[in-house]
Amino acid sequence: MKLGVNIDHVATLRQARRGNEPDPAVLARLALEAGCDGITLHLREDRRHVQDHDLKRLRNFVKTRLNLEMALSDEIINIALEVKPDQVTFVPEKREEITTEGGLDVLSGLSKLKDVIPRFQKQGIVVSLFIDPIQEQIQAASRSGAEFIEIHTGAFAEKFKTGSFEHELNQIHKAVHWAKNCGLRINAGHGLDCKNIVHIVPIKEIEEVNIGHSIVSRAVVVGMEEAVREIKKLLR
(Lines give C-alpha, C1' and ligand atoms only; values in the text may rest on other atoms or scores of the structure.)
Protein backbone atom coordinates (compact mmCIF):
# COMPACT_ATOMS: atom_id res chain seq x y z
CA MET A 1 0.00 0.00 0.00
CA LYS A 2 1.46 3.34 -1.08
CA LEU A 3 1.45 6.60 0.85
CA GLY A 4 0.52 10.00 -0.50
CA VAL A 5 1.32 12.84 1.90
CA ASN A 6 -1.06 15.81 1.82
CA ILE A 7 0.81 19.04 2.59
CA ASP A 8 -2.23 21.36 2.79
CA HIS A 9 -1.83 22.05 6.51
CA VAL A 10 1.77 23.11 6.10
CA ALA A 11 0.32 25.88 3.94
CA THR A 12 -2.41 26.48 6.55
CA LEU A 13 0.28 27.27 9.14
CA ARG A 14 2.11 29.55 6.71
CA GLN A 15 -1.05 31.44 5.78
CA ALA A 16 -1.75 32.21 9.45
CA ARG A 17 0.89 34.94 9.08
CA ARG A 18 0.70 35.36 5.27
CA GLY A 19 4.46 34.84 5.24
CA ASN A 20 6.87 32.41 3.60
CA GLU A 21 7.31 29.79 6.33
CA PRO A 22 6.82 26.96 6.73
CA ASP A 23 7.34 26.30 3.04
CA PRO A 24 5.11 23.46 1.73
CA ALA A 25 7.68 22.65 -0.96
CA VAL A 26 10.42 22.10 1.62
CA LEU A 27 8.22 19.80 3.71
CA ALA A 28 7.10 17.96 0.58
CA ARG A 29 10.74 17.32 -0.33
CA LEU A 30 11.43 15.98 3.16
CA ALA A 31 8.41 13.68 2.92
CA LEU A 32 9.67 12.31 -0.38
CA GLU A 33 13.16 11.79 1.01
CA ALA A 34 11.60 9.85 3.90
CA GLY A 35 9.99 7.44 1.45
CA CYS A 36 6.47 8.61 0.70
CA ASP A 37 5.21 7.68 -2.76
CA GLY A 38 3.63 10.96 -3.78
CA ILE A 39 2.50 14.41 -2.73
CA THR A 40 -1.13 15.52 -2.52
CA LEU A 41 -2.39 19.09 -2.27
CA HIS A 42 -5.78 20.77 -2.56
CA LEU A 43 -5.97 24.06 -4.46
CA ARG A 44 -9.21 25.47 -3.09
CA GLU A 45 -11.25 28.13 -4.84
CA ASP A 46 -10.85 30.45 -1.82
CA ARG A 47 -7.06 29.77 -1.65
CA ARG A 48 -7.30 29.36 2.13
CA HIS A 49 -4.05 27.39 2.29
CA VAL A 50 -2.34 26.15 -0.91
CA GLN A 51 -1.61 28.92 -3.42
CA ASP A 52 -1.13 28.73 -7.18
CA HIS A 53 2.63 29.17 -6.86
CA ASP A 54 2.80 26.19 -4.49
CA LEU A 55 1.28 23.96 -7.15
CA LYS A 56 3.68 25.20 -9.82
CA ARG A 57 6.76 24.78 -7.60
CA LEU A 58 5.77 21.26 -6.60
CA ARG A 59 5.17 20.32 -10.23
CA ASN A 60 8.74 21.30 -10.96
CA PHE A 61 10.37 18.80 -8.60
CA VAL A 62 7.89 16.05 -7.65
CA LYS A 63 8.92 13.21 -9.95
CA THR A 64 6.99 10.38 -8.27
CA ARG A 65 3.32 11.43 -8.29
CA LEU A 66 1.71 14.83 -7.79
CA ASN A 67 -1.98 14.49 -6.94
CA LEU A 68 -4.11 17.64 -7.12
CA GLU A 69 -7.37 17.62 -5.17
CA MET A 70 -9.84 20.03 -6.72
CA ALA A 71 -13.46 21.06 -7.01
CA LEU A 72 -15.37 20.63 -10.25
CA SER A 73 -14.72 24.32 -10.94
CA ASP A 74 -13.92 25.75 -14.38
CA GLU A 75 -11.20 28.01 -12.94
CA ILE A 76 -9.38 25.17 -11.16
CA ILE A 77 -9.90 22.80 -14.09
CA ASN A 78 -8.12 25.24 -16.39
CA ILE A 79 -5.24 25.67 -13.92
CA ALA A 80 -4.87 21.90 -13.58
CA LEU A 81 -4.81 21.38 -17.34
CA GLU A 82 -2.07 24.00 -17.60
CA VAL A 83 0.12 22.70 -14.74
CA LYS A 84 -0.47 19.00 -15.55
CA PRO A 85 -0.23 17.12 -12.25
CA ASP A 86 0.13 13.34 -12.54
CA GLN A 87 -3.32 12.84 -11.05
CA VAL A 88 -6.37 14.93 -10.21
CA THR A 89 -8.88 13.94 -7.54
CA PHE A 90 -12.25 15.63 -7.71
CA VAL A 91 -13.61 16.48 -4.26
CA PRO A 92 -16.64 18.42 -2.99
CA GLU A 93 -15.91 21.89 -1.70
CA LYS A 94 -17.79 24.41 0.47
CA ARG A 95 -16.42 27.78 1.51
CA GLU A 96 -17.66 27.48 5.11
CA GLU A 97 -16.32 23.98 5.84
CA ILE A 98 -13.26 23.46 8.02
CA THR A 99 -12.20 20.43 6.00
CA THR A 100 -13.82 18.25 3.35
CA GLU A 101 -17.00 16.99 5.00
CA GLY A 102 -18.00 14.12 2.72
CA GLY A 103 -17.67 12.51 -0.66
CA LEU A 104 -18.40 13.97 -4.06
CA ASP A 105 -21.98 13.59 -5.30
CA VAL A 106 -21.07 11.86 -8.54
CA LEU A 107 -24.70 11.20 -9.45
CA SER A 108 -25.60 14.89 -9.61
CA GLY A 109 -22.34 15.89 -11.29
CA LEU A 110 -22.15 12.98 -13.73
CA SER A 111 -22.86 14.98 -16.87
CA LYS A 112 -20.08 17.50 -16.22
CA LEU A 113 -17.66 14.78 -15.11
CA LYS A 114 -18.21 12.89 -18.37
CA ASP A 115 -17.33 16.09 -20.21
CA VAL A 116 -14.29 17.05 -18.10
CA ILE A 117 -12.59 13.70 -17.41
CA PRO A 118 -11.56 13.00 -21.04
CA ARG A 119 -9.85 16.40 -21.17
CA PHE A 120 -7.47 15.26 -18.43
CA GLN A 121 -7.02 11.76 -19.78
CA LYS A 122 -6.00 13.15 -23.19
CA GLN A 123 -3.13 14.89 -21.35
CA GLY A 124 -2.11 11.62 -19.66
CA ILE A 125 -3.50 12.75 -16.28
CA VAL A 126 -5.10 10.06 -14.12
CA VAL A 127 -8.54 10.94 -12.70
CA SER A 128 -9.87 9.89 -9.29
CA LEU A 129 -13.15 10.70 -7.53
CA PHE A 130 -13.30 11.15 -3.76
CA ILE A 131 -16.54 9.48 -2.71
CA ASP A 132 -18.37 8.02 0.26
CA PRO A 133 -18.59 4.20 0.46
CA ILE A 134 -22.05 4.14 -1.13
CA GLN A 135 -22.89 1.68 -3.90
CA GLU A 136 -24.86 4.11 -6.08
CA GLN A 137 -22.03 6.65 -6.03
CA ILE A 138 -19.46 3.98 -6.91
CA GLN A 139 -21.57 2.79 -9.82
CA ALA A 140 -21.89 6.38 -11.03
CA ALA A 141 -18.12 6.79 -10.72
CA SER A 142 -17.72 3.81 -13.02
CA ARG A 143 -19.99 5.45 -15.59
CA SER A 144 -18.03 8.72 -15.37
CA GLY A 145 -14.92 7.24 -16.99
CA ALA A 146 -12.60 7.88 -14.03
CA GLU A 147 -9.89 5.28 -13.42
CA PHE A 148 -9.83 5.56 -9.62
CA ILE A 149 -12.04 6.26 -6.67
CA GLU A 150 -10.72 7.41 -3.31
CA ILE A 151 -12.93 6.06 -0.54
CA HIS A 152 -13.77 8.70 2.05
CA THR A 153 -12.70 7.15 5.37
CA GLY A 154 -13.82 10.06 7.54
CA ALA A 155 -16.86 8.31 9.08
CA PHE A 156 -14.69 5.31 9.98
CA ALA A 157 -12.02 7.58 11.52
CA GLU A 158 -14.58 9.42 13.66
CA LYS A 159 -16.22 6.21 14.89
CA PHE A 160 -12.80 4.71 15.62
CA LYS A 161 -12.39 7.30 18.37
CA THR A 162 -15.44 5.85 20.13
CA GLY A 163 -14.26 2.25 19.91
CA SER A 164 -17.33 1.20 17.92
CA PHE A 165 -16.40 1.35 14.24
CA GLU A 166 -17.25 -2.11 12.87
CA HIS A 167 -20.16 -0.87 10.74
CA GLU A 168 -18.09 1.88 9.09
CA LEU A 169 -15.18 -0.49 8.47
CA ASN A 170 -17.58 -3.00 6.92
CA GLN A 171 -18.89 -0.27 4.60
CA ILE A 172 -15.35 0.31 3.38
CA HIS A 173 -14.96 -3.41 2.67
CA LYS A 174 -18.25 -3.38 0.76
CA ALA A 175 -17.18 -0.30 -1.20
CA VAL A 176 -13.95 -2.03 -2.22
CA HIS A 177 -15.96 -5.02 -3.45
CA TRP A 178 -18.37 -2.83 -5.43
CA ALA A 179 -15.54 -0.82 -6.95
CA LYS A 180 -13.59 -3.90 -8.05
CA ASN A 181 -16.74 -5.30 -9.67
CA CYS A 182 -17.06 -2.03 -11.59
CA GLY A 183 -13.45 -2.19 -12.80
CA LEU A 184 -12.31 0.77 -10.70
CA ARG A 185 -8.97 1.10 -8.95
CA ILE A 186 -9.09 2.17 -5.32
CA ASN A 187 -7.39 4.63 -3.01
CA ALA A 188 -8.55 5.78 0.43
CA GLY A 189 -8.15 8.74 2.73
CA HIS A 190 -9.42 11.24 5.31
CA GLY A 191 -8.84 11.09 9.03
CA LEU A 192 -6.34 8.24 8.88
CA ASP A 193 -3.52 8.08 11.42
CA CYS A 194 -1.04 5.71 13.10
CA LYS A 195 -3.77 4.12 15.23
CA ASN A 196 -6.65 3.50 12.82
CA ILE A 197 -4.57 2.75 9.72
CA VAL A 198 -3.93 -0.79 10.98
CA HIS A 199 -7.53 -1.67 10.05
CA ILE A 200 -7.11 -0.35 6.50
CA VAL A 201 -3.74 -1.95 5.69
CA PRO A 202 -5.17 -5.51 5.38
CA ILE A 203 -7.48 -4.38 2.55
CA LYS A 204 -5.12 -5.31 -0.25
CA GLU A 205 -7.27 -3.85 -3.03
CA ILE A 206 -6.58 -0.33 -1.72
CA GLU A 207 -3.50 0.83 -3.61
CA GLU A 208 -2.76 4.05 -1.77
CA VAL A 209 -3.79 6.02 1.30
CA ASN A 210 -3.59 9.81 1.38
CA ILE A 211 -2.78 11.23 4.81
CA GLY A 212 -2.29 14.89 5.67
CA HIS A 213 -3.38 16.34 9.00
CA SER A 214 -2.11 13.55 11.24
CA ILE A 215 1.32 13.49 9.56
CA VAL A 216 1.72 17.28 9.66
CA SER A 217 0.58 17.31 13.30
CA ARG A 218 3.04 14.57 14.21
CA ALA A 219 5.78 16.38 12.28
CA VAL A 220 5.49 19.33 14.67
CA VAL A 221 6.79 16.98 17.38
CA VAL A 222 9.18 14.60 15.59
CA GLY A 223 9.83 16.21 12.20
CA MET A 224 8.36 15.45 8.80
CA GLU A 225 10.77 12.66 7.90
CA GLU A 226 10.12 10.67 11.08
CA ALA A 227 6.35 11.23 10.83
CA VAL A 228 6.37 9.80 7.29
CA ARG A 229 8.60 6.87 8.28
CA GLU A 230 6.22 5.92 11.10
CA ILE A 231 3.29 5.58 8.69
CA LYS A 232 5.38 3.82 6.03
CA LYS A 233 6.46 1.25 8.62
CA LEU A 234 2.82 0.49 9.42
CA LEU A 235 1.93 0.19 5.72
CA ARG A 236 4.69 -2.38 5.27
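Definitions and limits used
- Residues numbered from 1 in each chain as written.
- Predicted model: local features only at pLDDT ≥ 70, side-chain atom pairs only at ≥ 80, totals over all residues.
- Heavy atoms only, no water.
- Buried < 20%, exposed > 50% of the residue type's maximum accessible area, 1.4 Å probe, protein only.
- Helix = DSSP H or I, 4+ residues; strand = E, 2+ residues; numbered from the N terminus.
- Pairing = 2+ DSSP bridges.
- Axes fitted to C-alpha atoms, helices over the stretch in contact; angles between N-to-C directions.
- Parallel < 35°, antiparallel > 145°, perpendicular 65-115°, else oblique.
- Left-handed = near helix turned anticlockwise from the far one by under 90°.
- Contact = heavy atoms within 4.5 Å.
- Nonpolar A, V, L, I, M, F, W, Y, C, P; charged D, E, K, R; others polar.
- Core = buried A, V, L, I, M, F, W, Y, C linked by side-chain atoms within 4.5 Å.
- Disulfide = S-S within 2.5 Å.
- Salt bridge = Lys/Arg side-chain N within 4 Å of Asp/Glu carboxyl O.

(A) The arrangement of the pairing of strand β2 (residues 38-42) in detail. With five of five residues buried, β2 is to be regarded as a mostly interior element. Taking every second residue as pointing to the same face, both faces of β2 are buried, with Gly38, Thr40 and His42 on one and Ile39 and Leu41 on the other. Summarising the sheet, strand β1 (residues 2-6) and β2 pair through three bridges and their orientation is parallel. Its bridge partner being in β2, Val5 is matched across the sheet by Ile39.

(B) Layout of the packing of helix α2 (residues 24-33) against helix α10 (residues 224-235). For the pair α2 and α10, the least separation of the axes is 8 Å and the interaxial angle reads 45°. Classified by the interaxial angle, the pair formed by α2 and α10 is oblique. Of the two possible hands of crossing, α2 and α10 adopt the one that is right-handed. Of α10, the residues touching α2 (which contributes Leu27, Leu30, Ala31 and Glu33) are Met224, Glu225 and Val228. Per-class residue counts for the contact of α2 with α10 are five nonpolar, no polar and two charged.

(C) Structural view of the packing of helix α4 (residues 74-83) against helix α5 (residues 106-121). The contact between α4 and α5 brings their axes to 11 Å, and the two run at 15°. When the interaxial angle is binned, α4 and α5 end up roughly parallel. Where α4 crosses over α5, the handedness of that crossing is right-handed. Across the interface between the two elements, Asp74, Ile77, Asn78, Ala80 and Leu81 of α4 pack against Lys112, Val116, Arg119 and Phe120 of α5. Classifying every residue of the contact of α4 with α5 gives five nonpolar, one polar and three charged.

(D) Up close: the sheet that holds strand β6 (residues 148-152). Spatially, β1-β2-β3-β4-β5-β6-β7-β8 is the arrangement adopted by the eight strands of the closed barrel, whose pairing is parallel. Within this sheet the neighbouring strands show an average axis-to-axis angle of 25°, counted without direction. Its contacts with the sheet put α4 on β3 (66-70) and β4 (87-90), and the angle it makes with β3 is roughly 170°.

(E) Region of the structure containing the nonpolar core. Grouped together as the largest cluster of nonpolar side chains are 75 residues, with contacts concentrated most on Leu3, Phe90, Phe120, Leu129, Ile200 and Val209. Once residues within four sequence positions are removed from consideration, Leu3 is found in contact with Cys36, Asp37, Gly38, Glu208, Val209, Ile211, Ile215, Val228, Ile231, Lys232 and Leu235.

(F) Focus on the state of the cysteines. Summed over the entire model, instances satisfying the criterion amount to zero disulfides. Here Cys194 stays free of any disulfide, with the sulfur of Cys36 as its closest cysteine sulfur at 14 Å.

(G) Quick peek at the pattern of salt bridges. With the rule as written, the count across this model stands at 12 salt bridges. Salt-bridge contacts for Arg47 lead to Glu75; the nearest nitrogen and oxygen are separated by 2.8 Å. Highlighted residues: Arg47 in the loop between β2 and α3 (52-61) and Glu75 in helix α4, separated in sequence by 28 residues. A residue is classified by how much of its surface remains accessible, and Arg47, at 16% relative accessible area, is buried. The exposure class of Glu75 is partly exposed, given its relative accessible area of 41%.

(H) Region of interest: the side chain of Ser128. Of note, Ser128 is situated in strand β5 (residues 126-131). Look past the residues within four positions of Ser128 in its chain and what remains in contact with it is Gln87, Val88, Thr89, Phe90, Phe148, Ile149 and Glu150.

Any link to function would need more than the numbers given here.
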